[in-house]
Structure formats: C-alpha cells, structure tokens
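One-letter residues, chain by chain:
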Amino acid sequence: MEAFSRQLLMAERNKKIEGIKIAPGDPSISHLLFAEYCLLFANDDLFNVNNLLEVIKEFGDASGKMVNFTKSSVFFSVNVPPRFFKILSRRLKVPHMNPEEKYLGMPLLVGKSKKKCFTHLLDKVKGILSTYMSSTMAQCSKSLMINTITNTIPSYTIIPKDTIKEITASQRDFWWGFDEKKGTYVTSWKDLNLHKDIGGQGFRDLKNLNNALLIRATWRICTNSDAEWVKCSSAKILHIYKFASCHSKEGLFMGIEGYSEKYGFYKKT
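Summary of the structure given here. In this text the structure is predicted, and so the values were computed from the model without any measurement. (Residues numbered from 1 in each chain as written. Predicted model: local features only at pLDDT ≥ 70, side-chain atom pairs only at ≥ 80, totals over all residues. Heavy atoms only, no water.)

### Looking at helix H9 (residues 206-223)
Because the α-helix completes a turn every 3.6 residues, residues three or four places apart line up on one side.
Then, number 1: With 18 residues, H9 should cover 26 Å at 1.5 Å per step; its first-to-last C-alpha distance of 26 Å lies within 8% of that length.
Then, number 2: Sitting at the head of H9, Asp-205 places a side-chain oxygen 3.0 Å from the backbone nitrogen of Lys-207. (Helix = DSSP H or I, 4+ residues; strand = E, 2+ residues; numbered from the N terminus. Expected span 1.5 Å × (residues − 1). Polar contact = N/O pair within 3.5 Å; in protein donor to acceptor, adjacent residues only side chain to side chain.)

### So, the nonpolar core
Then, number 1: By size, the foremost hydrophobic cluster in this structure holds 23 residues, and its most contacted members are Leu-121, Ile-167 and Trp-175.
Then, number 2: When residues of this core are traced back to their parent elements, those giving at least two are helix H5 (119-130), helix H6 (139-148), helix H7 (161-176), helix H8 (189-192) and H9.
Then, number 3: Top contributing element to this core by residue count: H7, with five residues.
Then, number 4: For Leu-121, the residues in contact, after removing those within four places along its chain, are Met-106, Ile-153, Ile-159 and Ile-167. (Core = buried A, V, L, I, M, F, W, Y, C linked by side-chain atoms within 4.5 Å. Buried < 20%, exposed > 50% of the residue type's maximum accessible area, 1.4 Å probe, protein only. Contact = heavy atoms within 4.5 Å.)

### Digging into the packing of helix H1 (residues 2-13) against helix H2 (residues 46-63)
Between two packed helices, both the angle of their axes relative to each other and the distance between the axes serve to describe the pair.
Then, number 1: Their axes nearest at 10 Å, the elements H1 and H2 cross at an angle of 145 degrees. Like other packed secondary-structure pairs, H1 and H2 cross with a definite hand, here right-handed. Contact residues: Ala-3, Phe-4, Gln-7, Leu-8 and Ala-11 in H1; Leu-52, Val-55, Ile-56, Glu-58 and Phe-59 in H2. (Axes fitted to C-alpha atoms, helices over the stretch in contact; angles between N-to-C directions. Left-handed = near helix turned anticlockwise from the far one by under 90°.)

### A look at the pattern of salt bridges
Then, number 1: The tally for this structure, following the rule as stated, stands at one salt bridge.
Then, number 2: Lys-57 is the partner of Asp-61 in a salt bridge, and the nearest nitrogen-oxygen pair spans 3.1 Å. Separated by four residues within a single helix, Asp-61 and Lys-57 lie in helix H2, roughly one turn from each other.
Then, number 3: Take Lys-57: its relative accessible area is 54%, and that puts it in the exposed class. (Salt bridge = Lys/Arg side-chain N within 4 Å of Asp/Glu carboxyl O.)

### Overview of a nonpolar patch on the surface
Then, number 1: Residues Phe-34, Tyr-37 and Leu-104 make up a contiguous nonpolar surface patch of roughly 310 Å² in combined accessible area.
Then, number 2: Looking at the element boundaries, Phe-34 is found in strand S1 (residues 31-34).
Then, number 3: Residue Phe-34 is classed as partly exposed on the basis of its relative accessible area of 47%. (Patch = residues over 30% accessible without salt bridge, like charges linked within 9 Å, V, L, I, M, F, W, Y side chains within 5 Å. Areas by Shrake-Rupley, 256 points an atom, 1.4 Å probe, with all protein chains shown as cover.)

### Quick look at the packing of aromatic side chains
Then, number 1: According to the stated counting rule, one finds five aromatic pairs in the structure shown.
Then, number 2: Note on Phe-4 and Phe-59: the rings are 4.9 Å apart at their centroids and 40 degrees apart in plane angle, and the pair reads as tilted. Pair noted here: Phe-4 is in helix H1 and Phe-59 is in helix H2, with a separation of 55 residues, a long-range link. Per residue, the accessibility class of Phe-4 equals that of Phe-59, and both read buried.
Then, number 3: On the numbers, 5.0 Å between centres and 20 degrees between planes, the contact of Trp-189 with Phe-203 is stacked. Of this pair, Trp-189 sits in helix H8 while Phe-203 sits in the loop between H8 and H9, and the two are 14 residues apart along the sequence. Grouping residues by exposure puts Trp-189 and Phe-203 together as buried. (Phe/Tyr/Trp six-rings, centres within 6.5 Å; stacked < 30°, edge-to-face > 60°.)

### Notes on the environment of Ile-128
Then, number 1: Following the sequence through the fold, Ile-128 ends up in helix H5.
Then, number 2: By relative accessible area, which is 22% here, Ile-128 ends up partly exposed.
Then, number 3: Taking the C-alpha atoms as reference points, Ile-128 and Met-145, 17 residues apart in sequence, are found 9.6 Å from one another.
Then, number 4: Residues within four places of Ile-128 in sequence aside, it is in contact with Met-145, Ile-149, Thr-150 and Ile-153.

### Considerations on the pairing of S1
Then, number 1: As paired elements, S1 and strand S2 (residues 37-40) share four bridges and run antiparallel to each other. Residue pairing in the sheet places Leu-32 in a bridge with Leu-39 of S2.
Then, number 2: Where S1 folds back on S2, the antiparallel hairpin that results is connected by two residues, among which Ala-35 adopts a positive phi of roughly 55 degrees. (Pairing = 2+ DSSP bridges.)

Here you go:
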C-alpha cells in the first residue's frame, strides 16, 4: 500500500488529481490508508476521476492486485449537482455509499447530531444486555458481563456525553436487576466503579475514559505538530486561537476545552 500511496502523491504533485481541503490554506488530502482499507478523495469532475482510475489500474498492473469495486462505494458532497453525480457514478462503476456507513465500527460521516451518529453503540450494549435475564443472574456473573463485554465496546472512541449517560444507565439497571428502571440504588454507580481492592466492582468509568481519550488527542496535537492530520485540523479549527481557547463544541475537538489548561499543554494567548 505504500507504493500506492506514493503513486497517489506523485499524481497529486503532477496536478493529475486534486485532493480535498478541510479549510482554505491547509494541506490537501488525496487518500487515507489503514491496513487493507483505503479512502480516496478527489474533486467532482471527470478529469480527476479518470486520472484516479488510471492510477488504480497502473498500481494493479504493477503489483498484481485488483481493486474489488463491488465492495467499494462512493460519496458525493451535497453541493454536487445530481447530473454530475450520475455521470461520475457511472464512470466509477461503484454504488453510492450509505450515509450510515461505518469504518472499523465507527460512522464514516458524523453530522450535526453526534448523538444520533453514535446510537449504534448504545443499541449494541442494550442488545447484549437484553439477551440475559438480569433478575435471575448472580451478581458476580453480571459484574463479569459488564467488565468483559459492555465496558469494552466504546473503548477507543470519543463519544458524546448523552450517549455515555445512556450506556451507563443501561449497565446500572442491568447490574441491579431493574428491568423497568424501578427500584432503589443502594450504592452509587461511582462507588461501584472503584477498584475491587477498595470496595468497588472495578467497572470502567466511561466518562473518565472519554476524558482520557480527549487528553491523549490533546497530547498528540501538541507533540506531533508536523503531522498532516494535525496541520489539517489546525487549519480548520485552531487557525485563530491557541488550543486552550477553542470552543468545546467545535468540530473534532468537542468537549476538549479545559483539558489543555488543566494539564498545561497550551496556554491562552
């Protein structure tokens, strides 16, 4: 895939294809690679599409690998006219991508309603818990269920606070055996999240996990300023203010406000 990446970069350098820009002044992006997956970006015209297909064909002839277009999909911006949409789709010979398409388990497209985009995580947790009768299971079995299964579902994703609250509520009701959310919680869920050595059940606090992922993202931005993804993100969100002064709901860095100040990564200008 590294050879394919070099071919795409050379084609972009030779003006054969033109990647997209997140914001004016930031570097263009023509492709993203992860393992055997590849995301390609280009302008919505036949010149870019034909040259992109030519690069794919040249790579296939040289490497002996073929692109499975039946398992590929294409997505167009809402600004693309329907006539261009049909012409380019017919030339690419790939189906249109479902707006709810997922990449490595996460939504590829995140709209204005972030809670709606991550509803599948909540549905997955509820689906797993609903297959068991919490009122008849032993407490130790329910603890093991939460620790090893439902706590691991949102392990590597920064998710909205409302989704965290609903996932936590589902786990709490399951552990206490409340099928209809009726009953008294003898101990707070915060106490149950404590380590077993100090009287808790060792459940993962999803809010703290979210904070840890945000802090890690902050640290990577501060220590990898030369990385392309940092440059693109900075051009979109951090082009005026320092990191600590960004609003908590701005794009990718939603909810990250305050962490940079608290941990001293950046200071306000």
